[in-house]
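Chain and residue survey
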Amino acid sequence: MDMILRNARIHSREGLWDIRISDGRIAKISKGLRGTHDETLDLKGRLVMPSFIDMHVHLDSVFTSGYSELNTSGTLLEGITVWGDTRRKLTSDLIRRKAGEALKWMVSNGTTRLRTHADTSEPDLRIVKALLDVREGFRHLMDIEVTAFPQDGILTADRCLPQLEKAVEMGADNVGLIPHNEYTREDGVRSVKIAFEIAEENDKKVDGHIDETDDPHSRFLEVVAAETIRRGFQGRVTAGHTTAMHSYDNAYAFKLFQLLKKAQLTIVPNPLTNIHVQGRFDTYPKRRGMTRVKELLESGINVALGHDCIMDPWYPLGMGDMMQPLFMAVHIGHMMGHQDLVTAFDLITHNSAKALGVSDQYGVEEGKLADLVVLDARNEIEALAKQATRTYVFKGGVLVARNTEGVREVRTNGRFEELDCLPLEITSKGGEKEEKMGQI
Ligand code: FE2
């Protein structure tokens, strides 16, 4: 059935507009659309945007904060150690359930497309298998890309490389890497080349965790950019975090930007995690540890944000709401000028679509997919200021989430189900697992 969204505000268009949705796409945008047989929804002047995209999230670790040990130092490295213990205890079923719950939160917050990392470090690859299952099982709510992510590195143990290769064979969409986590600079450089080789052989994209550290000598981003250019991978590579860039001297950063532009790399900051785990070895002044978002954008380099973590060993908070990292990014990055704020949403919408290669079907325009979020606000700045309610969320023309009169609902199995947003609480005693839905 066709649907008409009436009285919508749309970015850069004056006044109120009607949007006809037909066959999952935006068929027409006009004023005073007629259609007596169509289902109609009066948006009452609310803002319509393309639904959000999360470029970097770890669905395997969601809700595991405190499942084994707590990360008491708040450092990235302790988070990795705690996760190493946690992941061994997670069953495939639990990973699928946790991820599914997180997806519902994310959809209700306006996200309908994401890229997740699946840790390849467990010998039986059950984490990868579980997230590939989630990718298929939740297509009605979310378009998901899975990155095979070697959390332990590619060269730190004999098992790492074959497991990464196997994960790609199983159907992961992208090849991951984490060169700053390898034992030496030389191993890090080698790991970049290996990741690109696997991507080239299997016709995959590259999606790295790159230079996630305050160490100004961590310079694997330049290696990734050079490899991208040499192999003709322009436009198919993303570099997550790149927090070391915060600490590079300006002369080096200037040179690096030329290379990034040539390589058409997308940089993916994760402001919530970055501000939390970076700067941990500083006394005062403490570095913010987020990559140079404003300067990258001004240099014409694509930047898109990720949520990264939801209540896990690295980041104990989070609601799967992309407006939270966006809110954090504009603060940390000094992007609060009027025009900065008007275009800030590009960081979780159009820039991400460009990185994923889906711009041709994305946006509030005739002919594009009806993947839309309706915000209870009149413009972008108001939406960001009040973290506006996501009143309606559409995926492929289907209303998949709504939040009216304070009741948050997500469509599952063909009907709406109230979402209470209590975290899926999981506990572990003496190696035995207990799982239950949290009731606080
Ligand atoms: Fe990450």
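The structure we're discussing is the one just above.
The structure reproduced in this document is the subject of the present report. These figures come from a predicted structure and were not determined experimentally.

**Considerations on the pattern of salt bridges**
- Applying the stated rule across the entire model yields 36 salt bridges.
- As a salt-bridge pair, arginine 135 and glutamate 136 come within 2.9 Å of each other at their nearest N and O atoms.
- In this structure, lysine 395 engages aspartate 143 in a salt bridge whose closest nitrogen and oxygen atoms are separated by 3.5 Å. Note that lysine 395 is positioned in strand β15 (residues 390–395) and aspartate 143 in strand β8 (residues 143–149), a separation of 252 residues in sequence.
- The network of salt bridges with common partners includes Arg87, Asp119, Glu122, Asp124, Arg126, Asp152 and Arg159.

**Quick look at the side chain of arginine 113**
- Within the secondary structure layout, arginine 113 lies in strand β7 (residues 111–119).
- Note on arginine 113: relative accessible area 13%, which makes it buried.
- In this structure the side chain of arginine 113 is engaged in a polar contact, spanning 3.5 Å, whose partner is the side chain of aspartate 143.
- Apart from residues no more than four positions distant in its own chain, arginine 113 is found in contact with Phe52, Ile53, Asp54, Met142, Asp143, Leu356, Val358, Leu369 and Asp371.

**Thoughts on the sheet that holds strand β12 (residues 266–268)**
- The strand order β6-β7-β8-β9-β10-β11-β12-β13 describes an open sheet built from 8 strands, whose pairing is parallel. Edge positions in the open sheet fall to β6 (52–57) and β13 (302–303), since each of these has one partner strand only.
- Examined bridge by bridge, strand β9 (residues 174–175) and strand β10 (residues 205–210) share 2 bridges and lie parallel to one another. Paired with valine 175 across the bridge in β10 is valine 206.

**Concerning the packing of aromatic side chains**
- The tally for this structure, following the rule as stated, stands at 5 aromatic pairs.
- The interplanar angle of 65° and the centroid separation of 5.1 Å between the aromatic rings of phenylalanine 63 and tryptophan 105 together place this pair among those described as edge-to-face. On the criterion of sequence distance, the pair formed by phenylalanine 63 in the loop between β6 and α1 (76–89) and tryptophan 105 in helix α2 (residues 92–108) is long-range, its members being 42 residues apart. Comparing phenylalanine 63 with tryptophan 105 shows no difference in burial state: the two are buried.
- Consider the rings of tyrosine 248 and tyrosine 252, whose centres lie 5.0 Å apart with planes at 85°: the pair is edge-to-face.
- A relative accessible area of 5% means that tyrosine 248 is categorised as buried.
- A cation over an aromatic ring shows up here: lysine 31 above the ring of tryptophan 17, its NZ or CZ 4.8 Å from the ring centre.
- Arginine 219 extends its terminal NZ or CZ atom over the ring of tyrosine 252, reaching a point 3.6 Å from the ring centre.

**Focus on the side chain of threonine 112**
- Examined against the element boundaries, threonine 112 turns out to sit in strand β7.
- Within polar-contact distance, the side chain of threonine 112 engages the side chain of serine 51 at 2.6 Å.
- Apart from residues no more than four positions distant in its own chain, threonine 112 is found in contact with Ser51, Phe52, Leu141, Met142, Asp143, Asp371, Val393, Phe394 and Lys395.

**Quick notes on unusual backbone geometry**
- With omega at 0°, the peptide bond leading from tyrosine 284 into proline 285 counts as cis.
- Take proline 285: it is sitting in the loop between α8 (271–277) and α9 (293–298).
- Of note, phenylalanine 63 is a non-glycine position whose phi angle comes to about 65°, a positive value.
- The phi torsion at glutamine 387 lies on the positive side, around 45°, for a residue other than glycine.

**A short note on the coordination of the iron ion**
- Looking at the iron ion, the protein donor atoms are His56 (NE2), His58 (NE2), His209 (NE2) and Asp308 (OD), and they sit 2.2 to 2.5 Å from it.
- With 4 donor atoms in place around the iron ion and angles of 83 to 172° between them, the coordination shape is irregular.
- One chain supplies every donor to the iron ion, and in sequence these donors are spaced H-x1-H-x150-H-x98-D. Of this pair, histidine 56 sits in strand β6 while aspartate 308 sits in the loop between β13 and α10 (323–332), and the two are 252 residues apart along the sequence. You'll find histidine 56 and aspartate 308 in the same group, each marked buried.

Thresholds, definitions, all that
- Residues numbered from 1 in each chain as written.
- Predicted model: local features only at pLDDT ≥ 70, side-chain atom pairs only at ≥ 80, totals over all residues.
- Heavy atoms only, no water.
- Salt bridge = Lys/Arg side-chain N within 4 Å of Asp/Glu carboxyl O.
- Helix = DSSP H or I, 4+ residues; strand = E, 2+ residues; numbered from the N terminus.
- Buried < 20%, exposed > 50% of the residue type's maximum accessible area, 1.4 Å probe, protein only.
- Polar contact = N/O pair within 3.5 Å; in protein donor to acceptor, adjacent residues only side chain to side chain.
- Contact = heavy atoms within 4.5 Å.
- Pairing = 2+ DSSP bridges.
- Phe/Tyr/Trp six-rings, centres within 6.5 Å; stacked < 30°, edge-to-face > 60°.
- Lys NZ or Arg CZ within 6 Å of the ring centre and 35° of its normal.
- Donors = N, O, S within 2.8 Å, 3.2 Å for Na, K, Ca; no water.
- Tetrahedral: all angles 85-135°; square planar, octahedral: opposite > 155°, others 65-115°.

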